[in-house]
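Here's the letter readout for the chains.
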Amino acid sequence: MRHPRTRTTRRRVVGALTAGLLCAAGLAAPAVAAPVQDTIRPALDDGLALTPPMGFNNWNSTHCRAEFNDEMVRGIADIFVEKGLKDAGYQYVNLDDCWALPERDANGKLVPDPVRFPNGIKDVADYVHSKGLKLGIYTSAGTKTCNSAGFPGALGHEYSDAQQFADWGVDYLKYDNCNNQGVDAKLRYTTMRDALKATGRPIVYSICEWGQNNPWEWAADVGHLWRTTGDISDTWGSMLSILKENLPLAPYAGPGHWNDPDMLEVGNGGMTDTEYRSHFSMWSIMSAPLLIGSDLRTASDATFEILGNKEVIAVDQDPLGKQGTVLSSEGGRWVVAKEMRDGSRAVALFNETGSPQRIATSAEAVGLPDADAYTLRDLWQHRSYNTAGTISATVPAHGTVLVRVSADPTWAKHPPAVELGLAGSPLIEAGRTAKLATTVTDLGRTPAKQVSVALSGPEAWTVKATSPTSSGVVPTGRSLRTTWSVTVPPGTPTGSYDLTLKASYRSPTGIRVDSMLPLTMSVVVPPPSGMSELGDLPWLSAANGYGPVERNTSNGESAAGDGHPLTIGGVVYGKGLGVHAESAVEYYTGSACETVTADVGVDDEKGANGTVAFEVWADGSKVASTDVLTNALPAQPLTADVTGAQVVRLVVTDGGDGIDSDHADWAEALLSC
Ligand code: GLA
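Residues numbered from 1 in each chain as written. Predicted model: local features only at pLDDT ≥ 70, side-chain atom pairs only at ≥ 80, totals over all residues. Heavy atoms only, no water.

### Quick word on the site of the ligand
Part 1 of the argument: In the region of the ligand, the neighbouring residues are Trp-59, Asp-96, Asp-97, Tyr-138, Cys-146, Asn-147, Lys-174, Asp-176, Cys-208, Trp-210, Arg-227 and Asp-231.
Part 2 of the argument: Asp-96 is positioned such that a nitrogen or oxygen atom in its side chain is 2.6 Å from an oxygen atom of the ligand.
Part 3 of the argument: Contact between the ligand and Arg-227: an oxygen atom at 3.2 Å from a side-chain N or O atom of the residue.
Part 4 of the argument: Across the complex, the protein chains shield 93% of the 310 Å² of accessible surface that the ligand would expose by itself.
Part 5 of the argument: In terms of residue class, the shell around the ligand is built from 5 nonpolar, 1 polar and 6 charged. (Near = heavy atom within 4 Å. Polar contact = N/O pair within 3.5 Å; in protein donor to acceptor, adjacent residues only side chain to side chain. Areas by Shrake-Rupley, 256 points an atom, 1.4 Å probe, with all protein chains shown as cover. Nonpolar A, V, L, I, M, F, W, Y, C, P; charged D, E, K, R; others polar.)

This is the structure:
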C-alpha cells in the first residue's frame, strides 16, 4: 500500500518542476497521475494544512523550564484573541517536550505532568477550543523523547498514543526523532500517520526528523510538514544557516506538504528587530510554518508588530502554496521571489552582510509580464508606489526589504518609488573627516518632484552637504546626487554610530513621501604595526551561530567565557578565537596589513558531527579558504594575503550540513601589519 504512494509522490515533484514547460508548449500532461494542477493539490487527501500552519510552540522560549505549564498555554490562547493574532491567522497553540511524566501508567497510557498540567491535557484543549483555537502536542518516534529526563516516546505505542491524543481533542502532533533505536524513518513516521488516521480525528502531522532522511523526497503523503534542519537557536548565525539549507528545497513544498525550517525566534532577544524582521520575512517567502516561539505574555510592541504584520503573513499564507526561489545571492545580496495566486510576486531583497548593500532585480526577472509600469507594495512600510520595472533598494545590514509587485493597470495613482543610495566607506578614525555621497533615484514611471535630502549624525559630529540637497524634479531613472563631509570629534570612542539619511518628495499629483535609510558608521583605530594576536585585538563586528565569539578559548555555546582551552587534534593553543558556525568576525586593517595566519580546525570538545569550512576575506574578495574540515582532522595551517584591505573578515561556514556541533577554532591567529 505505502510503496506505490511514495512513488506517486516522486512523480508529483517531477510534475511540479516541469509543469511550466508543459503549459508553455501546450502539451497534455503525461499519462501518470501528475496533471499540472497536481502541484496545488494536498498530498494527504485530508484537506489539512492547505496553507502553512500558524500558531505558537513553547519550546524556543521555555525549553523544559517550569514556566511551561497550563497557565502559560491558556495565557497564550488569551493573547491570540486579545491582540488580534487569531484574526491574523494564528491558530495552533502547541505543547512541546516535557508535558508528560516519565512513566506511563499501568495501562500503558501517557500521564500529563500533574505539576505543569494539574487539570490534564483535555481540560487545556477544551479551553483552547473555547477560544476558537486548536491544540497541538509533542512526542518522539522513539522509545523516549529528546529531553534527558526521558519522557515516553511513541515507538511501539503509536495507535494507543494517537488515540489518547485524539480523545483529548488534540489537533496537531509534532513527532520528533530521538531514541529511535535505528528503526527506519519512513516506517516510523508512516506508522504514526496511519495511527493518526485511524483515530478519525483531523490532526495536522508535523514530522521532526531534522532533515536527516531527506523527508522532502518521501514525506509528502506521510505528513503535512517536515523539519528540514537541526534545531534553530536565537542567533543571527543559526537563523542564517537554516535559511540557507531550506531555500533550495522550494520545489518540494506545496499545499498540505511543507518544508519546516523550525519555529520562530522573533522576540526572544538574541537578534535585533531588523534581524527578526528578516527572519519573519524569509520564513514567509519560504512558505514556512509560522509558529511563534516567544512568550507573548512578556513580548514587546515591536515583537507584536512583526508577528502581526498581515501583509507579510499573506505572503506566507498565499493559497497557491509556492515556496519562493532564489534568483541571486552574490556577495550575500539575496533576491528571493515567490509567485502568488493573483499573479503578483513577493520579492525579498535580503542583506546577509554586516554593511548596507544595494540589492536589485526587475519585474521581468521575477516573472511578471511586460508592462509600462507596476505597482510595488512595501510590506513593512505599508505603502504602495509605482515602478517602471526596477525593484531595488539599499538594504541595511542584516535587513530585508519585502515587496509585492504586480502588473496592475492602476499603478499611476501611486507615487513613484525612489531608491536611496550611499557611496563611501562607513569606517572612520576619530578626529578625521569622511567624504560620503548619497543618491535619491527615481525608479517610477512618473517623476519625483520637490525632492530634498538630509543627512544627520550623532550630536557632536559635523555633517555638511558639499553639493545641492534639493531638486525641483527627478525624472524616471535619474538621481539627485549629494556629497557630504562627516567629521568625527577627536577622542570619540570606537564603536558603531547611527546616522540617518532622509529624503522627501512629491508625486505629480502632490502626494508627499518621506523615506528614510538608517546608516551606521564605525569609529575605528588603526591596527598596531608588527604582529598581533587576533584573539586580543578589538574587532569591528562578530556574528556567531551559538553564544558569543570567544577570545583565546573555544565556544561554549551560551554565555560569554563558557569555553575551554582551544584544542584541535589533541594540540592545545593558548591564543586565538573560538567561534561557532555560521560565524563572521571583522577587523579594521585600514590598508596597513599584509597577512593573516592561523591553525584552523574543529575543536576537540565536540563529537563527530562538527563539519566546518574556514574563509578569510579581504574587503569583498575571498583570499584564503579550507575544504570542509571535521573533528577527525588535525589543525590546518591557513595563510591569507590581505595587503591593501580596509577590513579583514574571518568566516566559518557550516560545511553545508547545518551548524550542529560546529565548534571552530582560529588557533594562534596572527595579523601582521
Ligand atoms: C528536538 C526538536 C526540538 C524540540 C526538542 C524537545 O531537539 O528538534 O524542536 O522539540 O527536541 O526536546
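Still to come is the rest of the account.
### A look at the pattern of salt bridges
Part 1 of the argument: What the rule picks out here adds up to 26 salt bridges.
Part 2 of the argument: Residue Arg-65 pairs with Glu-67 through a salt bridge whose shortest N-O separation is 3.4 Å.
Part 3 of the argument: Note that Arg-333 and Glu-330 form a salt bridge whose closest N and O atoms lie 4.0 Å from each other.
Part 4 of the argument: For Arg-333, a relative accessible area of 27% corresponds to the partly exposed category.
Part 5 of the argument: Exposure remark for Glu-330: the relative accessible area of 61% places this residue in the exposed category. (Salt bridge = Lys/Arg side-chain N within 4 Å of Asp/Glu carboxyl O. Buried < 20%, exposed > 50% of the residue type's maximum accessible area, 1.4 Å probe, protein only.)

### Considerations on helix α8 (residues 236-246)
Think of an α-helix as 3.6 residues a turn; residues three or four steps apart then line up on the same face.
Part 1 of the argument: With 10 of its 11 residues buried, α8 lies for the most part within the structure.
Part 2 of the argument: The complete set of buried residues in α8 reads Trp-236, Gly-237, Ser-238, Met-239, Leu-240, Ser-241, Ile-242, Leu-243, Glu-245 and Asn-246.
Part 3 of the argument: The inward-facing, buried residues of α8 abut β7 (258-260), α9 (273-285), β11 (345-351) and β27 (541-543). (Helix = DSSP H or I, 4+ residues; strand = E, 2+ residues; numbered from the N terminus. Contact = heavy atoms within 4.5 Å.)

### Quick notes on the packing of aromatic side chains
Part 1 of the argument: Following the criterion strictly, the structure yields 11 aromatic pairs and no others.
Part 2 of the argument: With a centroid separation of 6.2 Å and an interplanar angle of 45°, the aromatic rings of Tyr-175 and Tyr-205 are classed as tilted. Of this pair, Tyr-175 sits in strand β4 (residues 172-176) while Tyr-205 is found in strand β5 (residues 204-207), placing the two residues 30 residues apart along the sequence.
Part 3 of the argument: Centroid distance Trp-461 to Tyr-497: 5.3 Å. Interplanar angle 45°. Geometry classified as tilted. In this pair, Trp-461 is assigned in the loop between β20 (448-456) and β21 (462-465) and Tyr-497 in strand β24 (residues 495-506), connecting sequence segments 36 residues apart. Here Trp-461 matches Tyr-497 in class, with each residue buried.
Part 4 of the argument: In textbook terms, an aromatic cluster arises when at least three aromatic residues are bridged by ring pairs, as seen for Trp-99, Phe-165 and Trp-168.
Part 5 of the argument: The cationic tip of Lys-83 hangs over the ring face of Phe-304; the distance from NZ or CZ to the ring centre is 4.5 Å.
Part 6 of the argument: Positioned above the aromatic ring of Trp-617, the side-chain terminus of Arg-649 is 5.0 Å from the ring centre. (Phe/Tyr/Trp six-rings, centres within 6.5 Å; stacked < 30°, edge-to-face > 60°. Lys NZ or Arg CZ within 6 Å of the ring centre and 35° of its normal.)

### Some details on the pairing of strand β10 (residues 333-339)
Part 1 of the argument: Most of β10 is tucked away: 5 of the 7 residues are buried.
Part 2 of the argument: Across 3 bridges, the pairing between strand β9 (residues 325-328) and β10 is antiparallel. Looking at the pairing, Val-326 lines up with Val-336 of β10.
Part 3 of the argument: The hairpin formed by β9 and β10 contains 4 residues between the paired strands, and Gly-331 there has a positive phi angle of roughly 60°.
Part 4 of the argument: Of the strand pairs in this sheet, β10 and β11 are connected by 7 bridges, and their pairing is antiparallel. Bridging across to β11, Ala-337 finds its partner in Val-347.
Part 5 of the argument: Where β10 folds back onto β11 in an antiparallel hairpin, the turn is made up of 5 residues, including Gly-343, whose phi is positive at roughly 90°. (Pairing = 2+ DSSP bridges.)

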